[in-house]
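Architecture at a glance
Each chain is listed here by its residues.
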Amino acid sequence: MRFKDQVALITGGNRGIGASITVELAKEGASVIVFYRRNHRAAEEVRKMLEECNANYKFMSVDIADYKQVAESVEEIVKHFGKIDILVNNAGTTRDNLFKKMSEEDWNMVIETNLNGVFNCTQSVLPHMINQQSGKIMNISSVSSYFGNIGQTNYCAAKAGIIGLTRSLAVEVAKKGIRVNAVAPGATATDMLAKVPDKIIQRFIDRIPLRKLAEVEDIANAVLFLASDDAHYINGQILAVCGGLTLVGF
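Here's a quick rundown of the structure. (Residues numbered from 1 in each chain as written. Predicted model: local features only at pLDDT ≥ 70, side-chain atom pairs only at ≥ 80, totals over all residues. Heavy atoms only, no water.)

As for the sheet that holds strand β4 (residues 86–89)
So the rule is basically this: At least two DSSP bridges between two strands are needed for those strands to be called paired. Strands are runs of DSSP state E lasting at least two residues, helices are runs of H or I lasting at least four, and both sets are numbered from the N terminus onward. Working convention: axes come from line fits to C-alpha atoms, limited for helices to the stretch in contact. Angles between N-to-C directions cover 0 to 180 degrees. It only takes one pair of heavy atoms within 4.5 Å for two residues to be counted as in contact.
Sheet architecture is open: seven strands sit in the order β3-β2-β1-β4-β5-β6-β7, paired in parallel fashion. Each edge of the sheet is formed by a strand with only one pairing partner; in this case those strands are β3 (57–61) and β7 (238–241). Taken over all neighbouring pairs, the strand axes of this sheet differ in orientation by 15 degrees on average, direction set aside. Across the sheet, helix α4 (residues 104–132) lies against β1 (7–11), β2 (31–36), β4, β5 (135–140) and β6 (178–185), angled at about 175 degrees from β4, the strand it touches most. Strands β4, β5, β6 and β7 of the sheet are contacted by helix α8 (residues 216–227), whose axis makes an angle of about 165 degrees with β6.

Next up, the structure:
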């Protein structure tokens, strides 16, 4: 039970990678709080899994792009649980289009959720971690930030921003006993990827040295490692979980 008596906040923890992270943290003894926006059906599925492992949990419908709503929700968590030991900034969205056709609305939606949401959640949680002189923050970026993707300038810009934020914040707060790292997943078998045409997915697979997609558990395992005491001397790093894709590129 690597996370017994620890409290973990996971954004977007009701589906895909976030759901796997939530359940695995709970199995390892953490009390888990899930921020999610509106997919109640997905949240209910995760809730059932948490019940099966007798987890201590709380689901909160929070728009992470809303700074005030995030700050108030974090205060509610600390009041109820007493602390936050682990923050996983996982929530994200896509609004793909060629840059010349991309609307301001689609640009702003992705930046506000994928990058500003990380700022909002981290800045709200950080004072509590500083007070307790300990904490682990894991940000979910993407290997897309390494290479760029046609039709995803908004998404890649946000995910690259997360890498810069991770490295800078890691330097700022290390002396407070807080570690900040990021995980950059490659192509992962989630419902988000299911929207991509099969021929493009096969193109991804053909480029990946291991010749297969990542499973959500692969990403969750990396996050749990970085959150654990086994990674106590790892700080400000970007762990690509991509089957070797960063070695060859898209």
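Quick look at the packing of aromatic side chains
To be explicit about the condition: Each aromatic pair joins two rings of Phe, Tyr and Trp (for Trp, the six-membered one) with centres within 6.5 Å, and gets the label stacked for planes under 30 degrees apart, edge-to-face for over 60, and tilted for any other angle. Classification of residues uses two cut-offs on accessible area relative to the type maximum, computed with a 1.4 Å probe and protein chains only: under 20% is buried, over 50% is exposed, and between them is partly exposed. Lysine and arginine charges are scored as sitting over a ring when NZ or CZ, respectively, is within 6 Å of the ring centre and within 35 degrees of the ring normal.
For the structure on display, the rule yields five aromatic pairs. Pairing Y36 with F59 gives two aromatic rings, centres 6.2 Å apart and planes at 75 degrees, and the pair type is edge-to-face. Linking Y36 in strand β2 with F59 in strand β3, this pair joins segments that are 23 residues apart in sequence. Per residue, the accessibility class of Y36 equals that of F59, and both read buried. Aromatic side chains Y67 and F119 sit 6.2 Å apart centroid to centroid with 35 degrees between the ring planes, which places their arrangement in the tilted category. Separated by 52 residues along the polypeptide, Y67 in helix α3 (residues 67–81) and F119 in helix α4 bring together distant segments of the chain. The structure contains a cluster of three or more aromatic residues connected by ring pairs, namely Y36, Y57 and F59. Here the basic side chain of R47 rests over the ring of F59, its NZ or CZ set 4.6 Å away from the ring centre.

So, the packing of helix α1 (residues 16–27) against helix α2 (residues 40–52)
This is how the line gets drawn: Oblique is the label for any angle not covered by the other classes, which are roughly parallel (under 35 degrees), roughly antiparallel (over 145) and roughly perpendicular (65 to 115). Handedness of a crossing follows from how the near helix is turned relative to the far one, being left-handed for an anticlockwise turn of less than a right angle and right-handed for a clockwise one. Amino acids are sorted into nonpolar (Ala, Val, Leu, Ile, Met, Phe, Trp, Tyr, Cys and Pro), charged (Asp, Glu, Lys and Arg) and polar (every other residue, Gly among them).
Between α1 and α2, the shortest axis-to-axis distance is 10 Å and the interhelical angle comes to 15 degrees. Between α1 and α2, the interaxial angle falls into the category roughly parallel. Where α1 crosses over α2, the two elements pack in a sense that is right-handed. In contact with A19, T22, V23 and A26 of α1, α2 contributes V46, M49 and L50. Tallied by class, residues from the contact of α1 with α2 come to six nonpolar, one polar and no charged.

Topic: α4
Defined as follows: Expected helix span is given by 1.5 Å per residue-to-residue step, counting one fewer step than there are residues. Across the chain, bend at a residue is computed as the angle between axes fitted to the seven residues ending at that point and the seven starting from it.
For α4, which comprises 29 residues, the first-to-last C-alpha distance of 41 Å matches the rise-based estimate of 42 Å (1.5 Å per residue) to within 8%. Residue N116 marks the point of greatest curvature in α4, where the axis turns by about 40 degrees. Just downstream of α4 lies Q133, where phi reads positive at about 60 degrees.

A short note on the nonpolar core
Selection rule: Among buried residues, those of type Ala, Val, Leu, Ile, Met, Phe, Trp, Tyr and Cys that are joined through side-chain atoms within 4.5 Å constitute a nonpolar core.
Counting residues in hydrophobic clusters, the biggest one holds 35 residues, and the most contacted among them are I21, L25, V32 and L50. Those elements giving two or more residues to this core turn out to be β1, α1, β2, α2, β3, β4, β5 and α8. Among the elements that make up this core, the one with the highest residue count is α8 (eight residues). The contacts of L25, once residues within four sequence positions are left out, are F3, A8, I10, A30, V32, I86 and L224. Counting 25 residues, the second largest nonpolar core, distinct from the first, contains V7, I33, V74 and L126.

Observations regarding unusual backbone geometry
Non-glycine residue D5 carries a positive phi angle of around 70 degrees. Assignment of secondary structure puts D5 in the segment before β1. A positive phi angle is found at R211, which is not glycine, with a value near 55 degrees. Positionally, R211 belongs in the loop between α7 (198–207) and α8.

Concerning the layout of surface pockets
Space left empty within the atom packing is revealed by a probe, the size of a water molecule, rolled over the atoms. The condition that has to hold: Think of a 1 Å grid over the protein atoms and nothing else: a 1.4 Å probe that fits but is trapped marks a cavity, an open set flanked by protein within 12 Å on at least five of seven lines marks a pocket, and residues with an atom within 4 Å of a point count as lining. Grid points are joined across faces, edges and corners, and a volume is the space filled by probe spheres set on the points.
In this structure, the second largest pocket spans a volume of roughly 170 Å³. In terms of lining residues, the second largest pocket is bounded by 13 residues, among which G16, A19, S20, M49 and V216 are the most central. Where the lining of the second largest pocket is concerned, the elements lending two or more residues are α1, α2 and α8. No other element matches α1, which puts five residues into the lining of the second largest pocket. Considered class by class, the residues forming the lining of the second largest pocket number six nonpolar, three polar and four charged.

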